[in-house]
Amino acid sequence: MASHAFGKSWWLVLLRGIFAILFGILAFVWPGLTLIALVTLYGLYAIADGAVALYAALAGGAPVSRWWLLFAGLLSLAIGIVTLVWPGITAIALLVCIAVWAVVRGVFEIVGALQLRKVIDNEWWLVGSGVLSVLFGVVMLMAPGAGAIALVWVIGAYSIAFGCLLVGLALRLRSVAAIPFR
């Protein structure tokens, strides 16, 4: 009964799938534009978040200190404005943060594997993941612009695969909806 009811809206699932596929294709065709759009959305989010935080800090209410909320709101507004004024710098800064995180994490995974080698067998799996993380981070630091485009391509590939799965689900739901309910 529930599958029949869900099957009646199969076309909505199909639309979601088609939109995901189109977004993925556009990410491959215009990776730079896609990156700028994602950065712009983040900037708008940061400004909205900052405005809400400032309102909450200044609106009153319980007599507790809200300096931290005021600070967070101002910081979010500033980051949002910087993001919208200099989207290219924001994208590169984000990639640099991801790259540094990958290097630091990789080093800690290698150190952890070396410490665990007396306790577990096949610690080389952890060493391998650490080395891979370090290499990924170093490559990203060497070419953050190319890393940003590669990240957009990963998002595009995900969107296409996700969309194809939704289209498949929609077609399956359509066949369920076609079966008369008893």
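Every value quoted in this text rests on a predicted model; they were computed, and no experiment measured them.

Visitor: Is there a simple way to think about helix 6 (residues 124-142) in this case?
Guide: With 19 residues, helix 6 ought to run about 27 Å at 1.5 Å a step, and its terminal C-alpha atoms sit 26 Å apart, in line with that. Looking only at helix 6, the buried set comprises G130, S133, V134, G137 and M140. Each buried residue of helix 6 sits inside an arc of 130 degrees when the element is viewed along its axis, so together they form one side. Looking at helix 6, the residues exposed on the side facing more than 90 degrees away from the buried face are W125, L132, V139 and M142.

Visitor: What is the right way to look at the packing of helix 3 (residues 31-58) against helix 5 (residues 87-116) in this model?
Guide: Two measures define how a pair of helices packs: the angle their axes make with one another and the distance between the axes. One can describe the packing of helix 3 onto helix 5 by two numbers: an axis separation of 9 Å at closest approach and a directional angle of 90 degrees. In terms of orientation, helix 3 lies roughly perpendicular with respect to helix 5. Residues L35, I36 and V39 of helix 3 form the contact with helix 5, whose participating residues are P87, T90 and A91. For the contact of helix 3 with helix 5, the per-class residue count stands at five nonpolar, one polar and no charged.

Visitor: Can you help me understand helix 2 (residues 10-29) in this one?
Guide: Each turn of an α-helix holds 3.6 residues, which means side chains three or four residues apart point in the same direction. With 20 residues, helix 2 extends 29 Å from end C-alpha to end C-alpha; this agrees with the ideal 28 Å at 1.5 Å per step. All of the buried residues along helix 2 are V13, G17, A20, I21, G24 and A27. Considered in projection along helix 2, the buried side chains sweep an arc of 120 degrees and stay on one side of the axis. Across from the buried face of helix 2, at angles greater than 90 degrees, the exposed residues are F19 and V29.

Visitor: How do you make sense of the nonpolar core when you look at a structure like this?
Guide: Side chains of nonpolar character tend, in soluble globular proteins, to be buried together. In terms of nonpolar packing, the biggest core is built from nine residues, these being A27, L35, V39, A91, L95, A99, M140, A148 and V152. Those elements that place two or more of their residues in this core are helix 3, helix 5 and helix 7 (144-178). Examining the composition of this core, we find that three residues originate from one element, helix 5, more than from any other. Contact partners of A99, with chain neighbours within four places excluded, come to G137, M140 and L141.

Rules behind the numbers
Numbering of residues begins from 1 in every chain and follows the order in which that chain's sequence is written. For this predicted model, a pLDDT threshold of at least 70 governs which residues receive local features, and a threshold of 80 or more governs which side-chain atom pairs are given and counted, while totals over whole chains, interfaces and linings are taken from all residues. Values reported for side chains reflect all heavy atoms of the structure, with hydrogen atoms and water molecules removed beforehand. Strands are runs of DSSP state E lasting at least two residues, helices are runs of H or I lasting at least four, and both sets are numbered from the N terminus onward. Expected helix span is computed as 1.5 Å times (number of residues minus one). Exposed residues in this analysis have more than 50% of their type's maximum accessible area, buried residues have under 20%, and partly exposed residues fall in between, with area computed by a 1.4 Å probe over protein chains only. By arc we mean the arc of the directions from the helix axis to the C-beta atoms, nothing more. Under this scheme, a helix contributes an axis fitted over its contacting stretch, all axes are lines through C-alpha atoms, and angles between N-to-C directions fall in the 0 to 180 degree range. Here roughly perpendicular refers to angles of 65 to 115 degrees, roughly parallel to angles under 35, roughly antiparallel to angles over 145, and oblique to all remaining angles. Only heavy atoms matter for contacts: two residues are in contact if any of them lie within 4.5 Å across the pair. Residues are grouped as follows: Ala, Val, Leu, Ile, Met, Phe, Trp, Tyr, Cys and Pro are nonpolar; Asp, Glu, Lys and Arg are charged; all remaining types, including Gly, are polar. In this text, buried Ala, Val, Leu, Ile, Met, Phe, Trp, Tyr and Cys residues form a nonpolar core when linked through side-chain atoms within 4.5 Å.

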